[in-house]
Amino acid sequence: VSCIAVDIGGTKIAVGRVGDGGELLTDIATAPTPAHGADAVLAAVSELAARIREPSDDCIGVSSAGIIDSASGSVRAATSSIAGWAGAPVRSVLQEAFGLPVTVLGDGHAVGLGQAMYGVGKGKGTVVVLAVGTGIGGALVIDGQPQLGAGGAAGHFGHMPVPEATGVSCPCGANGHAEAVGGGTGILETYRSAGGSPLVTSTAQLAARHDDQLAVDALRRGGRALGTLAGALTSALDPDLIAVSGGVTAAGAVWWAAVEQAFRASALPALADTPLVRTEAGPATALRGAAYFAQRGNP
Ligand SMILES: [Zn+2]
């Protein structure tokens, strides 16, 4: 048996077939995410899924941008990344079109589950995944179950306050959240507002500027914010492993040293030896996580 896995992002939709052990059975098919509303997005998903479907497929596992109500399989809230996506009845539309059981997870939960079951968290009971891209998201996975929270929004770890971000406004509207200085956008913002080069557009470029003190400072501040956050989460949750993934993991040794140092200083001393690892999330991670959730008979 096998599962059709779908990843719906702000810029593209990816679809693949995944076997029971998480193995990818086909190449990943992709299409740009339509810009004009939920109906067009769901039509594009159906078309891609129909193209790769095989008779042995017995479920559909969806990972989607936005806050997902997994109980109803619909989109509870969505940022402007997909226009008109809030309220989209993802499960009922796909269930009707394909006649298969459908599960829907938020993309942070799907990626976290993929990392926890098939990536660095394999074989561990309690895994915290911190996804550091433009912002900071993530997931808590306990014994193969992503913890969704009461309304599907659990895992917005970047919106916790840390001292390194005091006084800095966060994209969510609040002040002092870790994401404001520790996410990719926040690190670049720290650098630019201190007078850094306007030519720098990524944290990887910042990491290559060894002789630019403003770059080093921005990376250190971002790393400390993330490490402090990781330490606080470790004290709260006592995980077997805390994994840092996402585009900012390319931010180099200076950044990572600051993450590790702040982590050891912030976590409860008895937990300061908790493994903290950097990892890559490949394009299949969300698909494998979404399939795992569907294959385990979740509603
Ligand atoms: Zn925030």
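Please refer to the structure higher up on the page.
Read on for a plain summary of the structure.

Cut-offs used in this document
- Residues numbered from 1 in each chain as written.
- Predicted model: local features only at pLDDT ≥ 70, side-chain atom pairs only at ≥ 80, totals over all residues.
- Heavy atoms only, no water.
- Helix = DSSP H or I, 4+ residues; strand = E, 2+ residues; numbered from the N terminus.
- Rg over C-alpha atoms; globule rule 2.2 N^0.38 Å.
- Buried < 20%, exposed > 50% of the residue type's maximum accessible area, 1.4 Å probe, protein only.
- Contact = heavy atoms within 4.5 Å.
- Polar contact = N/O pair within 3.5 Å; in protein donor to acceptor, adjacent residues only side chain to side chain.
- Donors = N, O, S within 2.8 Å, 3.2 Å for Na, K, Ca; no water.
- Tetrahedral: all angles 85-135°; square planar, octahedral: opposite > 155°, others 65-115°.
- Axes fitted to C-alpha atoms, helices over the stretch in contact; angles between N-to-C directions.
- Parallel < 35°, antiparallel > 145°, perpendicular 65-115°, else oblique.
- Left-handed = near helix turned anticlockwise from the far one by under 90°.
- Nonpolar A, V, L, I, M, F, W, Y, C, P; charged D, E, K, R; others polar.
- Pairing = 2+ DSSP bridges.
- Core = buried A, V, L, I, M, F, W, Y, C linked by side-chain atoms within 4.5 Å.

Quick notes on the overall build of the chain
For the chain, the count of helices and strands is nine helices and twelve strands. For 299 residues, the compact-globule formula gives about 19 Å, and the C-alpha radius of gyration of the chain, at 19 Å, lands near that figure. For the chain, the C-alpha atoms occupy an extent of roughly 60 × 40 × 35 Å along the three principal directions. In the chain, buried positions account for 53% of the 299 residues. Taking the contacts inside the chain whose residues are at least 6 apart along the sequence as the reference set, 61% of them involve residues at least 24 apart.

What about unusual backbone geometry?
Backbone geometry places D143, a non-glycine residue, at a positive phi of 50°. The topology assignment puts D143 in the loop between β9 (136-142) and β10 (145-146). For D238, which is not glycine, the phi dihedral falls at a positive 45°. Mapping D238 onto the fold places it in the loop between α7 (213-237) and β11 (241-245). Given the relative accessible area of 49%, D238 is considered partly exposed.

What about the environment of E23?
With respect to the secondary-structure elements, E23 resides in the loop between β2 (12-19) and β3 (29-32). Judged by its relative accessible area of 39%, E23 is partly exposed. Measuring from C-alpha to C-alpha, the distance between E23 and G99 comes to 23 Å, with 76 residues separating the pair along the chain. At a separation of 3.0 Å, a polar atom in the side chain of E23 contacts the main-chain amide nitrogen of G21.

Quick word on the coordination of the zinc ion
With distances of 2.0 to 2.3 Å, the protein atoms coordinating the zinc ion are H159 (ND1), C170 (SG), C172 (SG) and H177 (ND1). The site at the zinc ion holds four donor atoms, and with the angles between them running 100 to 121°, its shape is tetrahedral. Written as a sequence motif, the donor residues of the zinc ion are H-x10-C-x1-C-x4-H. With H159 in the loop between β10 and α4 (178-182) and H177 in the loop between β10 and α4, the pair connects residues that are 18 residues apart, well separated along the chain.

A look at the packing of helix α1 (residues 38-52) against helix α2 (residues 90-98)
Packing of α1 against α2 brings their axes to within 11 Å, and their N-to-C directions diverge by 40°. Taken together, α1 and α2 sit at an angle that is classed as oblique. Like other packed secondary-structure pairs, α1 and α2 cross with a definite hand, here right-handed. Residue-level contacts link L42, V45, S46, A49 and A50 of α1 to V90, V93, L94, A97 and F98 of α2. Each residue belonging to the contact of α1 with α2 can be placed in one class, and the counts come to nine nonpolar, one polar and no charged.

Comments concerning the pairing of β3
Across a regular strand the side chains alternate sides, sitting on one face of the sheet and then on the other. Side-chain alternation along β3 places A29 and A31 on a buried face and T30 and P32 on a face that remains uncovered. Bridging between β2 and β3 involves four bridges; their strand directions are antiparallel. The partner of A14 across the bridge, within β3, is T30.

Re the side chain of Q295
With respect to the helices, strands and loops of the structure, Q295 is situated in helix α9 (residues 285-295). For Q295, a relative accessible area of 18% puts it in the buried group. A polar contact is formed between the side chain of Q295 and the backbone oxygen of V18, at a distance of 3.3 Å. Setting aside its immediate chain neighbours within four residues, Q295 contacts C3, V18, G19, D20 and C59.

Observations regarding the sheet that holds β11
Here five strands make up an open sheet; going across it, the order is β10-β9-β8-β11-β12 and the pairing mixed. Each having just a single partner strand, β10 and β12 (276-278) make up the two edges of the open sheet. Judged from the two bridges that link them, β9 and β10 form a sheet pairing that is antiparallel. Each residue of the ladder has a partner; that of V141, found in β10, is P146. Across the sheet, helix α3 (residues 107-118) lies against β8 (126-132), β9, β10 and β11, angled at about 55° from β9, the strand it touches most.

Brief notes about the nonpolar core
In this structure, L130, L206, L226, L229, I242, W255 and L276 are the most contacted members of the largest nonpolar core, which totals 33 residues. Among the elements of the structure, β8, β9, α4, α5 (184-193), α6 (203-207), α7, β11 and α8 (252-266) are those that each provide at least two residues to this core. Beyond its immediate stretch of four places on either side in the chain, L206 contacts I187, L188, Y191, V200, A215, A218 and L219. L48, I82, W85 and A88 belong to the second largest nonpolar core, which has 29 residues in total.

Take it as geometry only, folks, not as evidence of what the structure does.
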